[in-house]
Structure formats: C-alpha cells, structure tokens
Amino acid sequence: MIKIGIYGYECTKEVSFSGYKILPKYTQHSEVKKFASDPLRYHLTAILEIDKNDNSNELIFLLEAVLSFIEHRDVTIQNKLHPQEDLNNLSDDYPLFIDAHKRHNGGGAKIISDTFSCESRKKFITLAMAKLTDNSTVEAEAFRKAFFKTIEVFRSRELFIDISFYLRFSALESLARAVFNDYSNHCAPAITKLLTRYNLDIKQENLKEPHKSVMTYVCLRNALFHNGLLEVCVTRDGNSFLYKQSEFSSTLAQLIPLVMIKYIGFDDGYINWNSWLDRQAFSRPSSC
C-alpha cells in the first residue's frame, strides 16, 4: 500500500474507490475550507491510500488534476508516508504544508462540498477518472487535452488574460470538433452544436446578448490569435459592435468547466447550469 499526502483539497468525509481511497484530515467544513483555500500555502488536508503500486504514478497524476478541477485551485499530491504512519500518527518531520508562490483562484469550486452533498464529489471523481483513463478514441484524447487546458489556466504561476482566453477557447473548440468529427474551417457551428446539445443558453450569433453568442468568442479569439489584440470591432447589417476580451473572459471562464462536467456525464442536481451567466455556482444547498 502507498500512502501519500493530499494538499489543498477540501474534504471532510472518507471516500473509497476501486483501488484507492481518500482519508480527510478534518471533519469540520469551516476548518478545512480555511486550509484548502489558502492562496499562499498548500496545507495537508487528506491522505491518499493506494492499494496497489501498479500505475500509481498515473493515478496520482490524474487524481491531482481532477481534485484541482473540483476546487478550481491547484491541488498537489506528494510526500509519501512511512508504512507505520497515518493521519493520527505523523512523524515530526512530515510536512503539514508546502509554501507556494501563489495558488490562483480559478473561479470557485465546481462541485459542491461534501458537507452539503455526501456523494457529489465521489461520483464526479469516479466519472472523471474513467474519462481521463480512456485513450481508446480520438474524441477521448481530445477530451483529456481539453480537461488539462481548463485547469492549466489557473495552475500557471502567472495569469495572463490573453493566454487564459486562448487556452479556454482552444479546449472548447478541440472538444467540439472531435465530438462531431468536424474539422472544417469555421469552428462556430461545431461549438454551437455542442453547447446546445448540453442545453446551455447560447446561439451561434446573438447580437442582442453578445455573452450568449458563440461568434463573440470566435471573433475575440481570431483577433487575439491573428492580430494580438484584446478587442475586436464587428460590423453586422451596417452596425458596429466593439467586443473587449476583458468583458467576456470571465463568462468564458465559467462556461468551459460546465462543458467539461456535462461531457463527463455528471449532474447531482446542485449545479446551476446558468452559473456562467449569473455567477451562482450551486442551487438548493443543504446539509449532508
């Protein structure tokens, strides 16, 4: 068995999976939330126990990514425990925290805390790990790349609005093209088709509500990629519209994780699928 520290992940309940389990260090939500959200340190918040050594490095690599996605803040898994150690019996030199340059907030947790829904995070981890370990098709590989682009935005040491926008749009475009095997010159139809399949409130073009228009993000991506500009002037039917990346980046940032969650096939009844527009991540919070 391998036992290794999980730093920066908010959990209060033990969860078991096929071949591994996550054991929380804290049982009180208020306590672990403070440690899990520290922007300057990764605090030990749980222990990962892996039953077998086979492919443990790949398991750790992928689980680290999934937990980071859940928190939308970087989570790290490192520092093996000695066989006789556990959370109640750590050696004096076992690191309880790791200093960080900065842990960027990627926009708030995307899956509700286990304090309010006992099974939500466990179910999401199970589904996400299954998708990420599937390399059998071009579409599966496209999803894996899109998933990592989504989290690399806030994992990077410095945040740049242009790089963040491009990575998020690229994740959406590559996934949509792979799902529909559509590699034509114009990406908007495939993206629109994917988003409407997931019942997200958006059209290919919507001049009255540009935040709900795929073409707004396409035009901003083109201006950035081809001209290095953070704004674009679009003319339609004799009318001009100025779109600034600063006005649409946060909307795209909230939209992309919802697309990943939809693709994974997760819905616990708590996610607000309009959160990319109204910024309310969850609905009907209760207590577990």
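Here, every reference points to the structure presented above.
Here's what I pulled together on the structure shown here. (Residues numbered from 1 in each chain as written. Predicted model: local features only at pLDDT ≥ 70, side-chain atom pairs only at ≥ 80, totals over all residues. Heavy atoms only, no water.)

Applying the stated criterion to the full structure yields 12 aromatic pairs. A ring pair is formed by tyrosine 26 and phenylalanine 35, whose centres lie 5.1 Å apart and whose planes are at 20°; its orientation type is stacked. Each member of the pair, tyrosine 26 as well as phenylalanine 35, is classed as buried. Aromatic pair tyrosine 166 and phenylalanine 225: ring centres 5.7 Å apart, planes at 10°, arrangement stacked. (Phe/Tyr/Trp six-rings, centres within 6.5 Å; stacked < 30°, edge-to-face > 60°. Buried < 20%, exposed > 50% of the residue type's maximum accessible area, 1.4 Å probe, protein only.)

Overall, the coordinates contain 12 salt bridges when judged by the stated rule. One salt bridge connects aspartate 74 with arginine 155, and the closest N-O pair in it is separated by 3.1 Å. Taken together, the residues aspartate 74 in the loop between helix H2 (56-71) and strand E5 (76-80) and arginine 155 in helix H4 (residues 138-155) connect sequence positions 81 residues apart. Taking the shortest distance from any N to any O, the salt bridge between arginine 155 and glutamate 152 comes out at 3.2 Å. In this pair, arginine 155 and glutamate 152 both sit in helix H4, 3 residues apart, roughly one turn of the helix. (Salt bridge = Lys/Arg side-chain N within 4 Å of Asp/Glu carboxyl O. Helix = DSSP H or I, 4+ residues; strand = E, 2+ residues; numbered from the N terminus.)

What follows is about the packing of helix H3 (residues 120-132) against helix H8 (residues 245-264). One can describe the packing of H3 onto H8 by two numbers: an axis separation of 9 Å at closest approach and a directional angle of 85°. Classified by the angle between their axes, H3 and H8 sit roughly perpendicular to one another. Note on element contacts: H8 touches H3 through Ile261, Tyr263 and Ile264, opposite Phe124, Leu127, Ala128 and Lys131. Across the contact of H3 with H8, the residue classes break down as 6 nonpolar, no polar and 1 charged. (Axes fitted to C-alpha atoms, helices over the stretch in contact; angles between N-to-C directions. Parallel < 35°, antiparallel > 145°, perpendicular 65-115°, else oblique. Contact = heavy atoms within 4.5 Å. Nonpolar A, V, L, I, M, F, W, Y, C, P; charged D, E, K, R; others polar.)

With that settled, consider unusual backbone geometry. It is generally the case that most residues other than glycine have a negative phi and that most peptide bonds are trans. One non-glycine residue, asparagine 79, adopts positive backbone phi at about 70°. Relative to the helices and strands, asparagine 79 is located in strand E5. At arginine 279, a position not held by glycine, the phi torsion is positive, near 70°. Mapped onto the secondary structure, arginine 279 falls in the segment after helix H9 (275-278). A residue is classified by how much of its surface remains accessible, and arginine 279, at 51% relative accessible area, is exposed.

The next subject is empty space enclosed by the protein. In total, this model carries 4 cavities of 30 Å³ or more according to the counting rule given. Size it by volume and the largest cavity reaches roughly 80 Å³. Around the largest cavity sit Tyr9, Cys11, Lys13, Val15, Phe17, Ile22, Asp114, Cys118, Arg121, Lys122 and Ile125, which together line it. For the lining of the largest cavity, the elements supplying multiple residues, two or more each, are strand E2 (15-17) and H3. The element contributing the most residues to the lining of the largest cavity is H3, with 3 residues. When grouped by side-chain class, the residues that make up the lining of the largest cavity number 7 nonpolar, no polar and 4 charged. (1 Å grid on protein atoms, 1.4 Å probe; cavity = no way out; pocket = protein on both sides within 12 Å on 5 of 7 lines; lining within 4 Å. Points joined across faces, edges and corners; volume = space filled by probe spheres on them.)

With that settled, consider H3. Here H3 spans 18 Å end to end across 13 residues, near enough to the 18 Å set by a 1.5 Å rise per residue. Taken as a whole, H3 has its buried residues at Ser120, Arg121, Phe124, Ile125, Ala128, Met129 and Leu132. The arc that holds every buried residue of H3, seen down its axis, measures 145°, which confines them to one face. (Expected span 1.5 Å × (residues − 1). Arc of directions from axis to C-beta.)

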